[in-house]
Every structure is written in C-alpha cells, then in structure tokens.
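Chain residues, written in single-letter form:
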Amino acid sequence: MSDDDGDYCLIDTARPPKADGPPYAECVLCREPTEYPESYKGITLCPVCEWQEAQRTACSG
Ligand SMILES: [Zn+2]
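What you see is a predicted model; the values in this text were computed from it and never measured.

Chemist: How do you make sense of the overall build of the protein chain when you look at a structure like this?
Modeler: Along its length, the protein chain carries one helix and two strands. Relative to its full complement of 61 residues, the protein chain shows a buried share of 10%. For the protein chain, contacts bridging at least 24 residues in sequence account for 7% of all contacts bridging at least 6.

Chemist: Would you mind showing me how to read unusual backbone geometry here?
Modeler: Residues other than glycine predominantly adopt negative phi, and peptide bonds predominantly adopt the trans conformation. Here Pro22 and Pro23 are connected by a cis peptide whose omega angle stands at 5 degrees. For Pro23, the location among the structural elements is in the segment before strand 1 (24-26). Positive phi, normally seen in glycine, also occurs at Arg31, with a value near 65 degrees. As for its position among the elements, Arg31 is in the loop between strand 1 and strand 2 (33-37). On the neighbour-count criterion, Arg31 (9 C-beta atoms within 10 Å) is exposed.

Chemist: Hey, could you run me through the pairing of strand 2 in this one?
Modeler: Two faces belong to every sheet, and in a regular strand the side chains alternate between them. Sheet analysis places strand 1 next to strand 2, joined by two bridges and oriented antiparallel. By the bridge assignment for strand 2, Glu26 is matched with Pro33. Between strand 1 and the antiparallel strand that follows it, strand 2, lie six residues; Arg31 among them carries a positive phi value of about 65 degrees.

Chemist: Help me understand the environment of Ile43, please; the structure alone is not making it clear to me.
Modeler: With respect to the secondary-structure elements, Ile43 resides in the loop between strand 2 and helix 1 (47-57). Between the alpha carbons of Ile43 and Leu29 there is a distance of 9.5 Å; along the sequence they are 14 residues apart.

Chemist: What should I look at first to understand the confidence of the model for the protein chain in this one?
Modeler: The predicted coordinates of low-pLDDT regions are not to be read in fine detail. Across the protein chain, the average pLDDT comes to 83, with 70% of residues at or above 70. Per-element confidence in the protein chain ranges from a low mean pLDDT of 91 for helix 1 to a high of 95 for strand 1.

Chemist: Help me understand the environment of Gly42, please; the structure alone is not making it clear to me.
Modeler: Summarising the element assignment, Gly42 is placed in the loop between strand 2 and helix 1. Classification of Gly42 as exposed rests on a count of 9 C-beta atoms within 10 Å. Considering only alpha carbons, one finds Gly42 and Ala25, 17 residues apart in sequence, at a separation of 10.0 Å.

Reading the values: rules and limits
- Residues numbered from 1 in each chain as written.
- Predicted model: local features only at pLDDT ≥ 70, side-chain atom pairs only at ≥ 80, totals over all residues.
- Helix = DSSP H or I, 4+ residues; strand = E, 2+ residues; numbered from the N terminus.
- Buried ≥ 20, exposed ≤ 12 C-beta atoms within 10 Å, placed from the backbone.
- Contact = placed C-beta atoms within 7 Å.
- Pairing = 2+ DSSP bridges.
- pLDDT = per-residue confidence, 0-100.

Have a look at this one:
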C-alpha cells in the first residue's frame with residue numbers, strides 16, 4: 001500500500017483572483033494592501049511577503 005505521495009516539489013500556481021479595485025484585503029503579515037479583494041477567503045499576502053513565503057517554502061535542492 002503506497003500512497004505514492006513522494007517528496008516532489010509542489011508549486012501551487014493557482015492564484016487568487018485579483019481585485020478589480022478597492023477595498024483590497026490587507027496582508028496578513030505586514031498589513032500592507034494586497035492585490036486581492038477584501039472578500040477573498042484565505043491568506044492574503046502582499047507581493048513582498050508572498051515572494052518571501054515562496055522563498056521560504058521553496059524546495060531546496
Ligand atoms: Zn506583506
């Protein structure tokens with residue numbers, strides 16, 4: 001029985017829809033406005049924090 005969920009690098013390319021305009025959701029980390037609509041359900045990160053998170057969670061090697 002193998003789930004075969006190997007340690008491959010999973011890059012989530014699905015991005016939330018960008019807001020057409022304000023109000024924007026604020027970044028959960030630095031509270032800067034993001035590109036996501038305020039109604040977006042989920043974690044919203046500004047481009048800076050998003051990039052940093054991507055670096056942190058990126059597969060090494
Ligand atoms: Zn941020």
